[in-house]
Amino acid sequence: MAFSHGKNTVVQVDNAAGTLTAITAYTNESSWPQEIDATETTVFGQGNKTYIVGLADSKFSCGGLLDPALDTIMTAVRAALISGSVVTSTVEYSPAGTASGSPKYTAEGILTSYEVSSGVGDADEWKAEYQITGAVTRTTY
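For the structure given in this document, a descriptive report is provided here. (Residues numbered from 1 in each chain as written. Predicted model: local features only at pLDDT ≥ 70, side-chain atom pairs only at ≥ 80, totals over all residues. Heavy atoms only, no water.)

Quick word on the overall build of the chain
So, step 1. What the chain contains, in helices and strands, is one helix and eight strands.
So, step 2. What you see in the chain, going N to C, is helices and strands ordered as β-β-β-β-β-α-β-β-β.
So, step 3. Relative to a compact globule of 141 residues, whose C-alpha radius of gyration would be 14 Å, the chain shows 18 Å and is clearly more extended.
So, step 4. C-alpha atoms of the chain, sized along the principal axes, occupy 60 × 45 × 35 Å.
So, step 5. Scored against the burial criterion, the 141 residues of the chain give a buried share of 28%.
So, step 6. Total accessible area computed for the chain in this model is approximately 8600 Å², and 53% of it derives from carbon and sulfur atoms. (Helix = DSSP H or I, 4+ residues; strand = E, 2+ residues; numbered from the N terminus. Rg over C-alpha atoms; globule rule 2.2 N^0.38 Å. Buried < 20%, exposed > 50% of the residue type's maximum accessible area, 1.4 Å probe, protein only. Areas by Shrake-Rupley, 256 points an atom, 1.4 Å probe, with all protein chains shown as cover.)

Next comes the structure, spelled out in structure tokens:
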């Protein structure tokens, strides 16, 4: 089994022009939970809950150290979403890097949150979250 270190992660998102743009150099955390609803179907008389498979859902979050170039990308995407000139953005996440056989997750998402924070003893940071719309595609390099 081949394991990978987090330092190999590659993160790319669409800029406001719809061009996939690497933001890896500004990113030091990322997460892509993929969930499936379990819809309860329990009826009277049963002693245990029962469920059926529901809808899949996913969000992608990332963050890191704030840089003016990154801030320009993210604020432009946010403005384009608000104005309606962009409906979704492509998100591409490669947790094991881009070596042959490494997984790559791709989906369309809506930038639902972009946060910039500062602390008196810390470097300025940013965080973003994308609500994925539609299916997540897993391929390999």
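Next comes the rest of the account.
Overview of helix H1 (residues 68-83)
So, step 1. Along its 16 residues, H1 runs 22 Å from first to last C-alpha, staying within 8% of the 22 Å computed at 1.5 Å per residue.
So, step 2. Taken together, the buried positions of H1 are occupied by Leu70, Ile73, Met74, Val77, Ala80 and Leu81. Along the long axis of H1, the arc covered by the buried residues comes to 125°, so they all point the same way. Turned more than 90 degrees away from the buried face of H1, the exposed residues are Pro68, Thr72, Ile82 and Ser83.
So, step 3. Buried residues along H1 sit in contact with strand S1 (10-14), strand S2 (20-22), strand S6 (89-94), strand S7 (103-117) and strand S8 (125-140).
So, step 4. N-capping of H1 is provided by aspartate 67, with a side-chain oxygen placed 2.8 Å from the backbone N of alanine 69.
So, step 5. Following H1 by one or two positions, glycine 84 adopts a phi angle in the positive range, close to 90°. (Expected span 1.5 Å × (residues − 1). Arc of directions from axis to C-beta. Contact = heavy atoms within 4.5 Å. Polar contact = N/O pair within 3.5 Å; in protein donor to acceptor, adjacent residues only side chain to side chain.)

Remarks on the packing of aromatic side chains
So, step 1. Enumeration over the complete set of coordinates arrives at five aromatic pairs.
So, step 2. Aromatic pair tryptophan 32 and phenylalanine 60: ring centres 5.1 Å apart, planes at 55°, arrangement tilted. Of the two residues, tryptophan 32 is situated in the loop between strand S3 (27-31) and strand S4 (34-40) and phenylalanine 60 in strand S5 (residues 51-65); the sequence distance between them amounts to 28 residues.
So, step 3. Ring geometry for phenylalanine 60 and tyrosine 93: centres 5.2 Å apart, planes at 55°, overall tilted. Of this pair, phenylalanine 60 sits in strand S5 while tyrosine 93 is found in strand S6, placing the two residues 33 residues apart along the sequence.
So, step 4. Members of the aromatic cluster, joined through ring pairs, are Trp32, Phe60, Tyr93 and Tyr105.
So, step 5. Above the face of the tyrosine 141 ring, lysine 104 is positioned so that its terminal group lies 4.7 Å from the ring centre. (Phe/Tyr/Trp six-rings, centres within 6.5 Å; stacked < 30°, edge-to-face > 60°. Lys NZ or Arg CZ within 6 Å of the ring centre and 35° of its normal.)

In short, the description is geometric, and any link to function would need to be established separately.
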